[in-house]
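Descriptive analysis of the structure
Spelled out from the first residue to the last, the chains are:
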Amino acid sequence: MTKSNSDRFTPIVQELQAFAFSQQGSMTILRSLGYGLLLLALFDIVEMFVPPNFMNPAWEFKTFGALVERVPVPLIGLVLVFFGEMNSRTKWEFLILKLLSWLTLLFALLFFLLIPLGIGNTLRLNNQSAAQISTLSKQQISQAEQFEKQLNQATPQQIDNFIKSQGRSLEGKNPDELKTQVLSQVSQAKKQIQTQAEATQSSRGLSLIKSSVKWNLGALVASGLFISIWRGTRWARTN
């Protein structure tokens, strides 16, 4: 290479060196941000599991959802920490990088295994909700039927005395007409109780299914992303 050619490439080499030095400073900032995000994610996880309430489907389902909702933070933190591979690393980072690389595989397996747990808790919660609504509606219908039975057995004089004891009047109606009117209202109330119970169960079931689908798909995506990071950080495990 002639001297003129060398002189011509000198500014380009200097510019590349300056760019490389500036990138080292940026990598330090990004990695520090990554470690900070991982610490914040750890604080969130500790808060979610204190106190633990395993075997409670509602707590497990809520915690599962919270983990999936917060997974972007550790994912971004890991990408920032691994940025630049082994360039400009301090000695204390080598072991941490290897540990974090293996942890990504552990997290991938964890989120994948949480999917059947999430589906199982969805079914359990849906069954519990249906049982609670059914029990409540049956109690209300039973009370209405008891009142209906008492009203059917009541004599016109007893109805008249009961209305007067409430400080009210028959308003020109005879006791039999009032009895028929009230029985009709009770019958309508029983139908409304059943309709409302079905609507409540349908609404709760739909909300539960929507959350379950969102969180289970999120767990599947998170598992795939952790696997991707694990495969891409082989350099951290071999150095």
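Residues numbered from 1 in each chain as written. Predicted model: local features only at pLDDT ≥ 70, side-chain atom pairs only at ≥ 80, totals over all residues. Heavy atoms only, no water.

Side note on the pattern of salt bridges
In this structure the tally under the stated criterion is 4 salt bridges. As a salt-bridge pair, Arg70 and Asp44 come within 3.8 Å of each other at their nearest N and O atoms. Within this pair, whereas Arg70 is found in helix H2 (residues 57–70), its partner Asp44 is found in helix H1 (residues 3–48), the two being separated by 26 residues in sequence. Judged by its relative accessible area of 32%, Asp44 falls in the partly exposed class. With a closest N to O distance of 3.0 Å, Glu69 and Lys214 form a salt bridge. Of this pair, Glu69 sits in helix H2 while Lys214 sits in helix H6 (residues 175–232), placing them 145 residues apart in sequence. Among the residues examined, Glu69 registers a relative accessible area of 40% and is labelled partly exposed. (Salt bridge = Lys/Arg side-chain N within 4 Å of Asp/Glu carboxyl O. Helix = DSSP H or I, 4+ residues; strand = E, 2+ residues; numbered from the N terminus. Buried < 20%, exposed > 50% of the residue type's maximum accessible area, 1.4 Å probe, protein only.)

Some thoughts on H2
With 14 residues, H2 ought to run about 20 Å at 1.5 Å a step, and its terminal C-alpha atoms sit 20 Å apart, in line with that. Along H2, the positions that sit buried rather than exposed are Pro57, Trp59, Glu60, Phe61, Thr63, Phe64, Gly65, Ala66, Leu67 and Val68. Residue Asn56 occupies the N-cap position of H2, its side-chain oxygen lying 3.0 Å from the main-chain nitrogen of Ala58. (Expected span 1.5 Å × (residues − 1). Polar contact = N/O pair within 3.5 Å; in protein donor to acceptor, adjacent residues only side chain to side chain.)

A word on the packing of aromatic side chains
Counting across every chain of the model gives 9 aromatic pairs. Their ring planes at 55° and their centres at 6.1 Å tell us that Trp102 and Trp230 sit as a pair that is tilted. Separated by 128 residues along the polypeptide, Trp102 in helix H4 (residues 91–153) and Trp230 in helix H6 bring together distant segments of the chain. Taken together, the ring pairs in this structure connect Phe49, Phe54 and Trp59 into an aromatic cluster. Positioned over the ring face of Trp102 is Arg237, at 5.3 Å from the centre of the ring. (Phe/Tyr/Trp six-rings, centres within 6.5 Å; stacked < 30°, edge-to-face > 60°. Lys NZ or Arg CZ within 6 Å of the ring centre and 35° of its normal.)

Some thoughts on the packing of H4 against H6
Axis angle and axis distance: for two packed helices, these are the angle between their axes and the distance between the axes, and together they describe the pair. Close contact between H4 and H6 brings their axes to 8 Å; oriented N to C, the two are set at 180°. Considering their axes alone, H4 and H6 lie roughly antiparallel with respect to each other. Among the residues making up the contact of H4 with H6, the classes are represented as 29 nonpolar, 17 polar and 5 charged. (Axes fitted to C-alpha atoms, helices over the stretch in contact; angles between N-to-C directions. Parallel < 35°, antiparallel > 145°, perpendicular 65-115°, else oblique. Nonpolar A, V, L, I, M, F, W, Y, C, P; charged D, E, K, R; others polar.)

Quick look at the nonpolar core
Within the largest apolar cluster, 28 residues are counted, with the highest numbers of intra-cluster contacts made by Leu78, Phe82, Leu97, Leu100, Phe111 and Phe226. Of all the secondary structure elements, the ones that give two or more residues to this core are H1, H2, helix H3 (72–82), H4, H6 and helix H7 (234–238). With 7 residues, the single largest contributor to this core is H4. Apart from the residues lying within four places of it in its own chain, the contact partners of Phe226 are Val71, Leu75, Leu78, Thr104, Phe107, Ala108 and Phe111. Counting 5 residues, the second largest nonpolar core, distinct from the first, contains Leu151, Ala154, Leu178 and Leu183. (Core = buried A, V, L, I, M, F, W, Y, C linked by side-chain atoms within 4.5 Å. Contact = heavy atoms within 4.5 Å.)

Read these as layout, nothing more, since geometry by itself doesn't imply function.
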